Amino acid sequence: DVKVTQSSRYLVKRTGEKVFLECVQDMDHENMFWYRQDPGLGLRLIYFSYDVKMKEKGDIPEGYSVSREKKERFSLILESASTNQTSMYLCASSLAGRVLNTEAFFGQGTRLTVV
Amino acid sequence: GNSVTQMEGPVTLSEEAFLTINCTYTATGYPSLFWYVQYPGEGLQLLLKATKADDKGSNKGFEATYRKETTSFHLEKGSVQVSDSAVYFCALSEGYGGATNKLIFGTGTLLAVQP
């Protein structure tokens, strides 16, 4: 089974802290994604990566950065956490290819609270 | 840009009732369409998908038909169970440079099934 593992289920951080959310997948997928999930807004794409060291901004990249030094690992970084970044963060991965029916596999999510 | 609109919840049903969750989309080209499900405390998992017009996706008693003429992908189940209680997300895939694809999600619909 494909496994996408997020390092923490719950995190509480203080305003202004630098926060790292880690995600690892074990199926050699080329694509990796970070979404945030908020009630009434669904899932919104923050950043995605289609290869090692490659990254692209999603719909809401402000206040975030990412790192992909190895194929299996995709990190989301909150440079200076703010209370409006309190949310559920979901990592996903998928195979690359020109076929647009590739399934995405999700981690269990990290619920981040910024106080 | 591409978008997905799904009916707002919550949807509350009695066990064995018929379920419909409406989903419509706006897209250029020919996206693939998906339904993902999120059970309490878990990440998203693929429920079913359809990759071209008139395709029907099905899984676990759920069905959805890709209707290009009405740009819809409504989710149906003939007889729901308490274990179907979850949040359901409609999504479409959007190509990016031919090498990967992103998922565009609706806002999610909470389904609560009562015994």
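Okay, so let's go over this structure. Quantities reported herein were computed from a predicted structural model and do not represent experimental measurements.

1. Some details on the pairing of strand S5 (residues 33-38) of chain B
All names here are of chain B.
Moving on, step 1. Of all the 6 residues making up S5, 6 are buried; the element is thus mostly covered by neighbouring parts of the structure.
Moving on, step 2. Side chains Leu33, Trp35 and Val37 project from S5 onto one buried face, and the interleaved Phe34, Tyr36 and Gln38 project onto a second face that is buried too.
Moving on, step 3. Counting the residues between successive antiparallel strands, the hairpin from S5 to strand S6 (residues 44-50) contains 5 residues, one of them, Gly41, with a positive phi of roughly 75 degrees.

2. Quick word on the sheet that holds strand S7 (residues 64-70) of chain A
Residues and elements named next belong to chain A.
Moving on, step 1. Strand order across the open sheet formed by 4 strands is S1-S3-S8-S7, with antiparallel pairing between neighbours. The open sheet terminates on both sides in strands that have one partner only, identified here as strand S1 (4-6) and S7. Taking each pair of neighbouring strands and ignoring which way they run, the sheet shows an average axis angle of 20 degrees.
Moving on, step 2. Two strands pair when backbone bridges link them, and S1 and strand S3 (residues 19-25) are joined in this way by 3 bridges, in the antiparallel orientation. Bridge pairing links Gln6 to Cys23 in S3.

3. Looking at the layout of surface pockets
Moving on, step 1. By volume, the largest pocket is sized at about 490 Å³.
Moving on, step 2. Lining of the largest pocket is provided by 24 residues; of these, A:Gln37, A:Pro39, A:Arg111, B:Gln38 and B:Val87 occupy positions nearest its centre.
Moving on, step 3. Where the lining of the largest pocket is concerned, the elements lending two or more residues are strand S4 (31-38) and strand S9 (87-94) of chain A together with strand S10 (86-96) and strand S12 (109-114) of chain B.
Moving on, step 4. Here the element with the most residues in the lining of the largest pocket is S10(B); it accounts for 3 residues.
Moving on, step 5. Per-class residue counts for the lining of the largest pocket are 9 nonpolar, 11 polar and 4 charged.

4. Describing the state of the cysteines
Residues and elements named next belong to chain B.
Moving on, step 1. Enumeration according to the criterion identifies 2 disulfides over all chains in this entry.
Moving on, step 2. Between the sulfur atoms of Cys23 and its disulfide partner Cys90 the distance amounts to 1.9 Å. Because the torsion about its S-S bond is -70 degrees, the bridge between Cys23 and Cys90 counts as left-handed. Linking Cys23 in strand S4 (residues 23-26) with Cys90 in strand S10, this pair joins segments that are 67 residues apart in sequence.
Moving on, step 3. Exposure remark for Cys23: the relative accessible area of 1% places this residue in the buried category.

5. Considering the sheet that holds strand S3 (residues 19-21) of chain B
All names here are of chain B.
Moving on, step 1. Judged by pairing direction, the sheet is antiparallel, and its 4 strands sit side by side in the order S3-S9-S8-S7 without closing on themselves. Looking at which strands have only one partner, the edges of the open sheet turn out to be S3 and strand S7 (56-59). Direction aside, the axes of adjacent strands within the sheet are offset by 15 degrees on average.
Moving on, step 2. Note: S3 against strand S9 (residues 75-77), 3 bridges, orientation antiparallel. Residue pairing for S9: Thr20 is matched across the bridge by Glu76.

Criteria and cut-off values
Residues numbered from 1 in each chain as written. Chains lettered and ligands numbered in written order. Predicted model: local features only at pLDDT ≥ 70, side-chain atom pairs only at ≥ 80, totals over all residues. Heavy atoms only, no water. Buried < 20%, exposed > 50% of the residue type's maximum accessible area, 1.4 Å probe, protein only. Helix = DSSP H or I, 4+ residues; strand = E, 2+ residues; numbered from the N terminus. Pairing = 2+ DSSP bridges. Axes fitted to C-alpha atoms, helices over the stretch in contact; angles between N-to-C directions. 1 Å grid on protein atoms, 1.4 Å probe; cavity = no way out; pocket = protein on both sides within 12 Å on 5 of 7 lines; lining within 4 Å. Points joined across faces, edges and corners; volume = space filled by probe spheres on them. Nonpolar A, V, L, I, M, F, W, Y, C, P; charged D, E, K, R; others polar. Disulfide = S-S within 2.5 Å.

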